Amino acid sequence: MKVRAQIALTIALTGLLTAAGVVLAVLLAYERFEHESSYYRADAFLKRVTTQHNDLLGMRERFGEDFDGFLSNLVLYEPDTQLYVLDPQGRVLSKTGQTPLAPDYRVAMAPVMMAAGDDAMPFVLGEDPERMDTRVVVAARPLRPVAIAPDQPVAGYLYLVTRPRALSSTPGAALHSALSQPFVLLMLAVVAASTALAAWITAGVTRPLKRLTDAVNDIRERGLEDPTQVVHSPDSPALPDTVARNEFGQLARGIEAMLETLRKQWGALSRLDHFRREGVSNLSHDLRSPLTATTACLETLERRWIDQPERDDDYRLVSVALRNTRNAARLVQSLGDLARLDEPAFQLQTQVLDLGELLDDVAIRFAQRAQQLGVNVETVAASAASARAPLASVDVELIERAVANLIDNSLKYGAAGGAITLSAEHKDTPQGPQAVIQVRDRGPGIAAADVPHLFDRFYQSRQGVAPATGEGGKGLGLAIVKRIAELHGGELSVASTPGAGTVVTLALPAA
């Protein structure tokens, strides 16, 4: 999710939560207001009743059952109000309600004493004898017998239960009632309008960030090859105004300075890389001719002295020199090949080929050398699970070179009497269909610490197994194989167990 969308969503959620909080606050304030107003009204009512009828207990004794009717007349115009006369222990003596109560029913006295006390209270919640599952606003006044002597003890209480009309039977109904009020709807409209305005302002404020993001993405796609086409091309989005003093201006100036530094460094690196490739290529080309001539001379001397026992010492010296000259020639050839493969302008000459047939040709090339070393090179057919031929669009010369390097490595470090197995098959993978080549040997294997570095240039592995000879010994053989795999859009991996052999897998996109 984009930053602008996140900010807009945050503003909307904040507005909704604010609206919900305001509605809840209104509900709570409205409920408290109703409780307080009901309590003040009830307390004033009881004050008038006790003032006009200061001998309610005596009237109850005189009127008997008619006293309940008298109480009902007092609350005739208050349908949500019930009036009770209680004794000092809370027992109901008379009532206005029609609901029968249990014999000797008593009201909880704590709210009664609180309401009848001298301390001013905002409201008191107490017990409704007819509805024991709810708490309602109550009011109470103490009743004393009429006598000349002052300070008579409390002989009972006049207890009034009010049921606020605004508080519906369910919280949902109360919420609906509150939301139906015009001022609440107006409040929601104000919140919605403020949210829309904030989102519009946010879009305007973050517009430079969007332009900056587009410019950075454009740089990422175009790269730094041509500095004049990075930011300043006509179809390239410009950076935000770098003169601005806000945070976006500071960020734009920082990115602009960073790009300038990167362009300079990239230019220097490009020049150095070009010089390196050109130097290696020229050096390889210049060394190839004298090394070839030296090899020819040494081969001539070797053939001339091979049958002259008196020249045995000279023959051995020439053989050592010839072997090292050939190794140097192969090393120079490998350096030249790597320089050629690293050229940005290098193009593959591809054609669709069955990799199984290619492996057969390479195996034939190594058959005689493998026989001299006592190693069997064999190719195996694709597994029955692979119904398709391992077809791939490849540069035949380069793939043959890659497989040859892998076989050459296995021959150098494999044990006599072992075997090298070549296989190619088609596989369906999560990355897509692939043509997979595997070169498996039963040699001494590779140490786990060496495996991650096998494809690094000039990294030498298994030095204790064979001397550093040729390109394999100098760490260029597998580097060439890796570069060939990269040029074909493939992957190269190694699995090895010390003492149990090595498996090198070259996975190429299938054709």
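Let me begin by describing the structure that accompanies this report. (Residues numbered from 1 in each chain as written. Predicted model: local features only at pLDDT ≥ 70, side-chain atom pairs only at ≥ 80, totals over all residues. Heavy atoms only, no water.)

## Notes on the overall build of the chain
Step number 1: Within the chain, the secondary structure is distributed over 13 helices and 12 strands.
Step number 2: Partitioning the intrachain contacts of the chain with sequence separation of at least 6 by distance along the chain shows that 65% fall at a separation of at least 24.
Step number 3: About 29600 Å² of surface is accessible on the chain, with carbon and sulfur atoms providing 58% of the total. (Helix = DSSP H or I, 4+ residues; strand = E, 2+ residues; numbered from the N terminus. Contact = heavy atoms within 4.5 Å. Areas by Shrake-Rupley, 256 points an atom, 1.4 Å probe, with all protein chains shown as cover.)

## With respect to the nonpolar core
Step number 1: Ranked by size, the top nonpolar core spans 43 residues in total, and within it L355, I399, V403, I407, I420, L422 and I437 carry the most contacts.
Step number 2: Of the residues forming this core, the biggest block, eight residues, is contributed by helix 11 (residues 396-413).
Step number 3: Contact partners of L422, with chain neighbours within four places excluded, come to L359, A363, V377, E378, T379, V380, I407, Q438 and V439.
Step number 4: With 36 residues, the next largest nonpolar core counts L56, Y105, V136 and L160 among its residues. (Core = buried A, V, L, I, M, F, W, Y, C linked by side-chain atoms within 4.5 Å. Buried < 20%, exposed > 50% of the residue type's maximum accessible area, 1.4 Å probe, protein only.)

## Some details on helix 4 (residues 109-116)
Step number 1: Along helix 4, the residues classified as buried are M109, P111, V112, A115 and A116. The buried side chains of helix 4 occupy one side of the element, clustering within an arc of 160 degrees when seen end-on. (Arc of directions from axis to C-beta.)

## Remarks on helix 7 (residues 207-222)
Step number 1: Compared with the 22 Å implied by 1.5 Å per residue over 16 residues, the 23 Å span of helix 7 between its first and last C-alpha is a close match.
Step number 2: Listed as buried for helix 7 are P208, L212, A215, D218 and I219. The buried residues of helix 7 all sit within an arc of 120 degrees when viewed along its axis, so they share a single face. Of the residues in helix 7, the exposed ones pointing more than 90 degrees away from the buried face are R220 and E221. (Expected span 1.5 Å × (residues − 1).)

## Topic: the sheet that holds strand 1 (residues 81-86)
Step number 1: Across the sheet, five strands lie side by side as 2-1-5-4-3; this open sheet has antiparallel pairing. The two strands at the open ends of the sheet, each matched to only one other strand, are strand 2 (92-95) and strand 3 (125-128). On average, each strand axis in the sheet is tilted by 40 degrees relative to the strand beside it, whichever way the strands run.
Step number 2: Bridge count between strand 4 (residues 131-143) and strand 5 (residues 156-162): seven bridges; the pairing is antiparallel. (Pairing = 2+ DSSP bridges. Axes fitted to C-alpha atoms, helices over the stretch in contact; angles between N-to-C directions.)

## Some remarks on the packing of helix 10 (residues 355-373) against helix 11
Step number 1: Orientation of helix 10 relative to helix 11, taken along the N-to-C sense of each, is 25 degrees, at an axis distance of 10 Å. Taken together, helix 10 and helix 11 sit at an angle that is classed as roughly parallel. For helix 10 against helix 11, the interelement crossing comes out right-handed. Taken together, the residues of helix 11 that come into contact with helix 10 (itself represented by L358, L359, V362, R365, F366, R369, A370 and L373) are V396, I399, E400, V403, A404, I407, D408, L411 and K412. (Parallel < 35°, antiparallel > 145°, perpendicular 65-115°, else oblique. Left-handed = near helix turned anticlockwise from the far one by under 90°.)

## Regarding unusual backbone geometry
Step number 1: Even without glycine at this site, D104 takes up a positive phi of about 60 degrees.
Step number 2: Tracing the backbone shows D104 in the loop between strand 2 and helix 4.
Step number 3: Classification of D104 as partly exposed rests on a relative accessible area of 47%.

## Thoughts on the packing of aromatic side chains
Any two aromatic rings considered together are summarised by their centre-to-centre distance and by the angle between their planes.
Step number 1: Scanning the model with the defined rule gives three aromatic pairs in all.
Step number 2: Measuring from centroid to centroid gives 5.9 Å for F67 and F70, while their planes differ by 35 degrees, and the two rings are tilted. Taken together, the residues F67 and F70, both in helix 3 (residues 66-74) and three residues apart, mark about one turn of the helix.
Step number 3: Classification of F67 as buried rests on a relative accessible area of 0%.
Step number 4: The ring of F63 is capped by R62, whose NZ or CZ atom sits 6.0 Å from the centre of that ring. (Phe/Tyr/Trp six-rings, centres within 6.5 Å; stacked < 30°, edge-to-face > 60°. Lys NZ or Arg CZ within 6 Å of the ring centre and 35° of its normal.)

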